[in-house]
Every structure is written in structure tokens, then in C-alpha cells.
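If you want the building blocks of each chain, they are given just below.
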Amino acid sequence: MSITRQGDQAAEAEERATDFDAVIVGAGFSGLYMLHSLRNELGFSARVYEAGTDVGGTWYWNRYPGAKSDSDSYIYCYSFDKQLRQEWEWSERYPGHEEIRGYLEHVADRFDLRRDIRFSTQVVDATFDEDAKHWTIRTNKGDTVSARFFIAAVGSLSALNKPAFPGRDTFEGDSHHTAHWPHEGVDFTGKRVGIIGTGATAIQAIPLIAERADHLTVFQRTANYGIPARNGPVDPEVTKARKAEYDAIWDRLRQSYFGFEHYFIERSALDDSPEERERELQSRWDGGGFGLWLANYQDMFFDKEANDAISEWVRERIQERVDDPETAEKLTPRDHPFGTKRVPLESNYYEAFNRNNVELVDVRETPIEEITPTGLRTEDAEYEFDVLVYATGFDAMTGPLNKINIRGRGGQLLRDKWAEGPRSYLGLTVADFPNMFTITGPGSPSVLSNMPVSIEQHVEFISRIISDMRERGVEVIEPTQKSEDEWTAHSQEVAHSTLLPQSATWYMGANIPGKPRVFMPYLGGVGPYRQKCDEIAANDYEGFAFASRKGANA
Ligand SMILES: Cc1cc2nc3c(=O)[nH]c(=O)nc-3n(C[C@H](O)[C@H](O)[C@H](O)COP(=O)(O)OP(=O)(O)OC[C@H]3O[C@@H](n4cnc5c(N)ncnc54)[C@H](O)[C@@H]3O)c2cc1C
């Protein structure tokens, strides 16, 4: 038999396979590394299902103008392969969506991942079979497969939120959500454009749409504290030096609080005189990036008075950039402390409102009443558009998991279990949902970290568990109810020791009507969280119960 023929047969057998060690949902940063780790490094069989037509996850879907990472490119990537780290060259301080997609496509090719990914396929059901001790997974294409492990790499920000305004589907012009952007792009030239939302996405898109559109109307519900990105090329000498010390950099990221090279100023904002404080804040403002958010005074997240001093300083910086005092005031956040919502990075965002083709409408003053065939109507005016852009974010964290009918023991649905808010052990496993893992799930550092660092930690921890189970001849792992209760309580206690839960944010589910108000990401820090996971593994997987074929042995 020829080698080609053998290869064809192997490929056909793979195509027909219906039973795997693991089924992974999602082919973004998480799913790709999970597949590589389980299949290439540990020799398990795995299949990935991905709704998109290619890899990339967030960066496959979010192609709106200005879509970029807010993490610096040298840390917005994988660290697991030293050669990959050395070879890949980013063109700018913050990589754009095309470049990140290119990077993830390169990773998929380099590690031969595509052959085990089924694209354009959505997982709709996943059910744990208690007798067979495996998961049965069903897709929208009608495939049914089984797997010992069900791994959700569905992303924290992949279920888009499109508010149900009355008449939403009556608009006759072009209408796009930023997280489902057409691959061919949108030509705004000479068009009347409306954009709903002023979060991190809109703040990236607005300056660029404003340059093209004939007229742009921005509908703002919440003014945000945008801080300068200061994008640009990175000095090749800096890149060379970073590559030379990558191991040390990644060690620091793994031990850090947020997965960034940012460290708190170890004193109170109120210990400094106004002049000293001004110097500290100005240097972070000038440096651009998340420094002003994540490397600020240590009490910024805890002490309202300390935070007030910082918030006021940022408000002044915003106001001085906007010419019209009324618009400046509308753009100035006064309803939440700085840093308690996701802080957007911006490039010329505030200056966009100095253009005479840009108009700001505060929908708290005049709410949107309905979408009409020609545009939208607020309480006091009617607007006409050629293009309407929804920059209205996501049903974050629980949304992508709750969209799947995930059934654990006794047929219980995960979304029912989570009706009052998500509960988990480590944001990674859920009691009564054996052999299921949620990468960057609610209850883990996830969206309050530089995510590739958190993703790698979760993938490596899951691989370690699965590999240890193989060695021990164990078939089933799940957290005890007690460990889930304790972790959930601990996660809430940590969050509520800060100012963050006081703000109406998507971290709290506040952007989705009816969603329980529970702080979802874990705020205990990336480094301490990693240490906790390592201790749990070293301590014979404390908090988990195992079962082998013969029965349970907790
Ligand atoms: C605009 C934007 C900017 C961001 N900027 C940053 C940043 O600066 N720094 C940072 O750390 N993070 C940032 N993030 C967060 C970003 O999501 C993560 O960094 C990272 O890309 C997450 O990777 P992931 O693989 O976990 O999830 P995703 O990239 O979201 O991939 C999940 C994939 O799962 C697929 N999927 C979901 N459900 C199903 C299903 N039922 N069936 C089949 N497929 C399914 C989706 O189609 C998606 O492709 C940003 C997010 C957005 C939206």
C-alpha cells in the first residue's frame, strides 16, 4: 500500500471517529493550545469544534475598524514554545486583529492543529452519561460524538449582546455588531453612521469611523475613563532585549497580579502630596497602556477617598482634550470610580468629538425608544442613518457556556445551576459536572488579567490533571460540593473587599437585563491563583473527588 493511500485511510478514519479522549469547544487562544497540549504533547485523541470558519476566536469575529489588543504585543501571545516566541515579530506595540489572526493561523499550521478542528460547527448539547462516564456532544450539524473529557474553550467574550430595542430588526440600512463584523469590511465613506455604545470596542472604532463617515452620531450610556494607548512601532533594540530575557519576563508575568509587567505603587495615593501624585499619574499617562490602571497606587481599588483623587485627575485630563464644554462634561465619567470598569485604551478618541461631523447623544438623558426603518428614535429626536453599528459588548463569561445545553449528573443543566450566578471550583470545574473543564471560566482571573497568561495556566493545569488521571487509572474527576462552595464564597469575599462590585459593569452582569448581579472574575491575582492550583495538585488534588471504573475513591 502506498504511503499516500495509508495517509488517506488514516485521514478518513480520523474523519469518521466518534469517540475521543477530549472534545474541546472553541479554536481561539485557549482551544488551540489545549489541542496542542493534549494531542501533540500527551498523545490523547481530541476533537475541536469551532463555530467560525477558521481559527482565531475573538480575533476571527472582531474585525471592526481599530480592533486591537490592549495588551502589549510582546505579552499578548503564547510562551509555551521558545522557538515560536523567538521567531514571531509583531509590527507594533499593540497588535491589530489581522496580525493576531495571522499569528494564531501560523500557530495552527505550525503545530498541525487544523486536521482535528471541525469549523463552521456549533456545539449545542453536551451531556454527561453517568453509567458510561463520558460526555455525549451534539452539534448543529447533527454530529454526535463522545469523549471522556468535555473542555469548554468558548471564550469569556464570545456571546455578543445585541439589546432588544423595540423595532430592532426593522432598520433597512446596513446594521453590524462589532463582534460579528463582515470579513470584507464596511465602507463608511460618505455615509451617515450611528454607533450605539462607548465601551472599549467603540472607543477603538469611533475615531476611525469618524474619519470616513459623512456624519457619525455616538449614543453613549456610560462615559468611560479612556486612557491613552500610545501605539506605534517598538524600538528593535527593545524587542531584541525582550527576546533575550523572555524566560524571566514570563516568570514575572506568571507571578504577577494581573499577568502584566505592572506593579502597584506600594503606598496610599493619599500619602503623596498633590504634586507627587500628579508626577506619578502623569508618567503613567504619558507612557500609555494599562500602567495608569494596573500600576497605580495600591489602595486605588480599595479606598474610595484614594480613588477619588485619582479619578478626579483622570477626569481633568479628559476634559482638557474636548473643545465644547457641554460635550466634555458628557464624556466625563462621574458615576463610577476609575478602574472599576474595564479601562479602555484610546487613540484620539476624545479629539474625535472635536470634529464637526461627530455628535454625542447621552442616552441616559434621552433614552433610545426604538429602532426605525431609517435609523432610531430617542425620547426627544429622530436620527437617520445609512449604517448602524452595535458596539454593545457581550453576555460575558457565563453567556457562551449557558448557550450550550450542558447537562451534568441527573440531567441538571449548567444554566439552571447557575441561575443565581456562576458557582465553580477555581473557575475551572463545577460540582456534578464531572470531567468538565472551563478555560478562563467565571471564578478564575480570566478577564481581569492578560489573558494568554491565564489561558496557558489553565491549559497546563487541565493537561496535568488528565495526564495524572491516566497514570493513576482514574476515570472521573469532579470537585466536591464543599470545595465549590468555599471557592465561590472566597471569590466573592475577595471581590467585595474592593470597590469593583460597586460599579454596574459586565464583570457584574449588569449590562444584560435579568442577569444575576454577581462579580464573575476572580480578583485574588494571577500569581496567587497559580500558586493555589499548584498546591492543590501537589496536595493530591485537594478539593476534588476521583472515581475509577470500580467506584469512587475520594
Ligand atoms: C475586542 C476585544 C479586545 C480584547 N483585548 C484583549 C486584550 O487586550 N488583552 C487580553 O488579555 N484580552 C483581550 N480580550 C479578551 C480575548 O477574548 C482573549 O484575550 C482571548 O482571545 C480569548 O481566547 P479564547 O480562546 O479563550 O476565547 P475566544 O477567542 O473568544 O474563542 C472562543 C471561540 O469559541 C467559539 N465558540 C464558542 N461557543 C461555541 C460553541 N458552542 N460551538 C462552537 N464554537 C464555539 C467561538 O466561535 C470562538 O471562536 C479582548 C476581547 C475582545 C472582544
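The structure we're discussing is the one just above.
First, a word on what this report is: a plain description of the structure on this page.

Calculation criteria
- The residue numbering used here restarts from 1 in each chain and proceeds along that chain's sequence as written.
- Selection of residues for local features in this predicted model requires a pLDDT of at least 70, selection of side-chain atom pairs for listing and counting requires 80 or more, and totals for whole chains, interfaces and linings are taken over all residues.
- Hydrogens are left out, water is left out, and the side-chain values use all remaining heavy atoms of the structure.
- Strand pairing is assigned whenever DSSP detects at least two bridges linking the two strands.
- Counting from the N terminus, the helices are the DSSP runs of H or I reaching at least four residues and the strands are the DSSP runs of E reaching at least two.
- The criterion is simple. A nonpolar core is a set of buried Ala, Val, Leu, Ile, Met, Phe, Trp, Tyr and Cys residues joined through side-chain atoms within 4.5 Å.
- Whether a residue is buried, partly exposed or exposed follows from its accessible area with a 1.4 Å probe, protein chains only, as a fraction of its type maximum: under 20%, in between, or over 50%, in that order.
- Lines fitted to the C-alpha atoms define the axes, with helices restricted to the stretch that makes contact. Angles between their N-to-C directions range from 0 to 180 degrees.
- A cavity, in this analysis, means grid points on a 1 Å lattice covering only the protein atoms where a 1.4 Å probe fits yet has no way out; a pocket is instead an open set bounded by protein on both sides within 12 Å along at least five of seven lines, and a residue lines either one if it has an atom within 4 Å of a point.
- Grid points are joined across faces, edges and corners, and a volume is the space filled by probe spheres set on the points.
- Put simply, Ala, Val, Leu, Ile, Met, Phe, Trp, Tyr, Cys and Pro go in the nonpolar bin, Asp, Glu, Lys and Arg in the charged bin, and everything else, Gly too, in the polar bin.
- Between the rings of Phe, Tyr and Trp (Trp by its six-membered ring), a pair exists once the centres lie within 6.5 Å; its type follows the angle of the planes, with under 30 degrees stacked, over 60 edge-to-face, and the other angles tilted.
- Near is defined per residue: the residue qualifies when any heavy atom it owns lies within 4 Å of the molecule or strand.
- Any N or O atom pair separated by 3.5 Å or less is treated as a polar contact, with the protein-specific requirement of one donor-capable and one acceptor-capable atom, and with residues adjacent in sequence counted only for side-chain atom pairs.
- Where accessible areas are quoted, they stem from the Shrake-Rupley method and a 1.4 Å probe; at the residue level, only the protein chains shown are allowed to cover.
- For this document, the term salt bridge refers to a Lys or Arg side-chain nitrogen within 4 Å of an Asp or Glu carboxyl oxygen.
- Nonpolar side chains (Val, Leu, Ile, Met, Phe, Trp, Tyr) are joined into patches within 5 Å and like charges within 9 Å, using only residues with over 30% relative accessible area and no salt bridge.
- Charged residues are defined here as Lys and Arg on the positive side and Asp and Glu on the negative side; His and the ends of the chain fall outside this count.
- The atom standing in for a charge is NZ when the residue is Lys, CZ when it is Arg, CG when it is Asp and CD when it is Glu.
- Residue count minus one, scaled by 1.5 Å, sets the expected span of a helix.
- By construction, the arc corresponds to the directions joining the helix axis to the C-beta atoms.
- Residue contacts are counted whenever heavy atoms from the two residues lie within 4.5 Å of one another.
- Any angle between 65 and 115 degrees counts as roughly perpendicular, while under 35 counts as roughly parallel, over 145 as roughly antiparallel, and the rest as oblique.

**Thoughts on the pairing of strand S14 (residues 375-378)**
Now for step 1: Here strand S13 (residues 368-372) pairs with S14 via 4 bridges, running antiparallel. When the sheet's bridge partners are listed, Glu-370 is paired in S14 with Arg-377.
Now for step 2: Where S13 folds back on S14, the antiparallel hairpin that results is connected by 2 residues.
Now for step 3: Hairpin connection, S14 to strand S15 (residues 382-384): the antiparallel pair is bridged by 3 residues.

**Description of the nonpolar core**
Now for step 1: Core analysis: the largest hydrophobic core is formed by 129 residues, its most contacted members being Tyr-78, Tyr-103, Ile-151, Trp-293, Val-314, Phe-338 and Leu-426.
Now for step 2: Element by element, the count of residues in this core is highest for helix H16 (residues 451-472), at 8 residues.
Now for step 3: Core analysis: the second largest hydrophobic core is formed by 22 residues, Val-23, Val-145, Ala-152 and Leu-401 among them.

**Examining the sheet that holds strand S8 (residues 192-196)**
Now for step 1: Ordered by their spatial adjacency, 5 strands build an open sheet running S7-S16-S8-S9-S12, and the pairing between neighbours is parallel. In the strand order of this sheet, the two ends are held by strand S7 (174-177) and strand S12 (358-362), each with one partner. Neighbour-to-neighbour, the strand axes of this sheet turn through a mean angle of 15 degrees, independent of strand direction.
Now for step 2: Examined bridge by bridge, S8 and strand S9 (residues 215-220) share 5 bridges and lie parallel to one another. Bridging across to S9, Gly-194 finds its partner in Thr-217.

**Examining empty space enclosed by the protein**
Now for step 1: With the rule as written, the count across this model stands at 5 cavities of 30 Å³ or more.
Now for step 2: Each pocket or cavity is described by its volume, and for the largest cavity that value is around 80 Å³.
Now for step 3: What lines the largest cavity is Pro-422, Arg-423, Ser-424, Pro-442, Gly-443, Trp-487, Thr-488, Ser-491, Gln-492, Val-518, Phe-519 and Met-520.
Now for step 4: Of the residues belonging to the lining of the largest cavity, the class tally is 6 nonpolar, 5 polar and 1 charged.

**Some points on the packing of aromatic side chains**
Now for step 1: Enumeration over the complete set of coordinates arrives at 39 aromatic pairs.
Now for step 2: Consider the rings of Phe-260 and Phe-290, whose centres lie 5.5 Å apart with planes at 90 degrees: the pair is edge-to-face. Of the two residues, Phe-260 is situated in the loop between helix H8 (246-255) and helix H9 (274-287) and Phe-290 in the loop between H9 and helix H10 (291-294); the sequence distance between them amounts to 30 residues. Just as Phe-260 is buried, Phe-290 falls in that class too.
Now for step 3: Here Tyr-507 and Phe-519 contribute two aromatic rings whose centre-to-centre distance is 5.8 Å and whose plane-to-plane angle is 55 degrees, an arrangement assigned as tilted.

**Here we look at the site of the ligand**
Now for step 1: Near the ligand there are 35 residues, and of these Ser-30, Thr-58, Asp-70, Tyr-76 and Met-451 occur at the shortest range.
Now for step 2: Between the ligand and the protein, one listed contact pairs an oxygen atom with a backbone N or O atom of Phe-29 at 3.0 Å.
Now for step 3: In isolation the ligand exposes 970 Å². Once the protein is present, 93% of that is buried.
Now for step 4: Of all elements in the fold, only helix H2 (29-41), helix H3 (58-61) and H16 reach the threshold of two or more residues within the shell around the ligand.
Now for step 5: In the shell around the ligand, the residues fall into 17 nonpolar, 15 polar and 3 charged.

**Some words on the pattern of salt bridges**
Now for step 1: One pass over the structure, following the stated rule, counts 43 salt bridges.
Now for step 2: Across the pair Glu-261 and Arg-252 runs a salt bridge whose closest N-O atoms are separated by 2.7 Å.
Now for step 3: Accessibility expressed as a relative area gives 23% for Glu-261, which makes it partly exposed.
Now for step 4: Looking at Arg-252, the relative accessible area reads 31%, which means it is partly exposed.
Now for step 5: Across the pair Glu-484 and Lys-417 runs a salt bridge whose closest N-O atoms are separated by 2.9 Å. With Glu-484 in helix H17 (residues 481-496) and Lys-417 in helix H15 (residues 414-417), the pair connects residues that are 67 residues apart, well separated along the chain.
Now for step 6: Judged by relative accessible area, which is 0%, Glu-484 ranks as buried.
Now for step 7: Of the residues examined, Lys-417 reaches a relative accessible area of 14% and is grouped as buried.
Now for step 8: Put simply, Arg-39, Asp-112, Arg-115 and Asp-116 are held in one network by salt bridges that share partners.

**Comments concerning a negative patch on the surface**
Now for step 1: On the surface, Asp-323, Asp-324, Glu-326, Glu-365, Glu-379 and Asp-380 cluster together into a patch of negative charge.
Now for step 2: Considering the arrangement of structural elements, one finds Asp-323 in the loop between helix H11 (304-319) and helix H12 (325-330).

**Looking at the pairing of strand S1 (residues 19-25)**
Now for step 1: Most of S1 is tucked away: 5 of the 7 residues are buried.
Now for step 2: Strand direction decides the pairing type here: S1 and strand S6 (residues 144-152), joined by 6 bridges, are parallel. Residue pairing for S6: Val-23 is matched across the bridge by Phe-150.
Now for step 3: As paired strands, S1 and strand S2 (residues 46-49) are joined by 4 bridges and run parallel to one another.

**Let's talk about H17**
The periodicity of an α-helix, 3.6 residues per turn, causes residues three or four positions apart to be oriented the same way.
Now for step 1: The end-to-end C-alpha distance of H17 is 22 Å, a good match for the 22 Å that 16 residues give at a rise of 1.5 Å each.
Now for step 2: Among all positions in H17, only Ser-483, Glu-484, Trp-487, Thr-488, Ser-491, Val-494 and Ala-495 are buried. Along H17, the residues classed as buried sweep out an arc of 130 degrees about the axis, all on the same side. Among the exposed residues of H17, those pointing more than 90 degrees away from its buried face are Lys-482, Glu-493 and His-496.
Now for step 3: Buried-residue contacts for H17 involve H15, strand S19 (476-479) and helix H18 (526-538).

**Digging into the layout of surface pockets**
Now for step 1: Size it by volume and the second largest pocket reaches roughly 320 Å³.
Now for step 2: Contributing to the lining of the second largest pocket are 20 residues, with Gln-204, Pro-207, Leu-208, Glu-346 and Ser-347 lying nearest its centre.
Now for step 3: Looking at the lining of the second largest pocket, the elements that each hand over two or more residues are helix H6 (200-212), strand S11 (345-346) and helix H13 (349-352).
Now for step 4: Considering every element that reaches the lining of the second largest pocket, the biggest residue donor is H6, with 5 residues.
Now for step 5: Among the residues making up the lining of the second largest pocket, the classes are represented as 7 nonpolar, 6 polar and 7 charged.

**Brief notes about the packing of H8 against H18**
Now for step 1: Axis separation between H8 and H18 bottoms out at 6 Å; the angle between their running directions is 85 degrees. By the criterion of interaxial angle, the relationship of H8 to H18 is roughly perpendicular. Each of Leu-253, Arg-254 and Gln-255 in H8 lies in contact with H18, whose residues at this interface are Val-526, Gly-527 and Arg-530.
Now for step 2: Among the residues making up the contact of H8 with H18, the classes are represented as 2 nonpolar, 2 polar and 2 charged.

**Structural notes on the sheet that holds S13**
Within a beta sheet, neighbouring strands are joined by backbone hydrogen bonds and run either parallel or antiparallel to one another.
Now for step 1: The strand order across the open sheet formed by 3 strands is S13-S14-S15, and the pairing between neighbours is antiparallel. Only two strands of the sheet have a single partner each, and these edge strands are S13 and S15. Ignoring strand direction, the axes of neighbouring strands in this sheet form an average angle of 20 degrees.
Now for step 2: Bridge count between S14 and S15: 3 bridges; the pairing is antiparallel.

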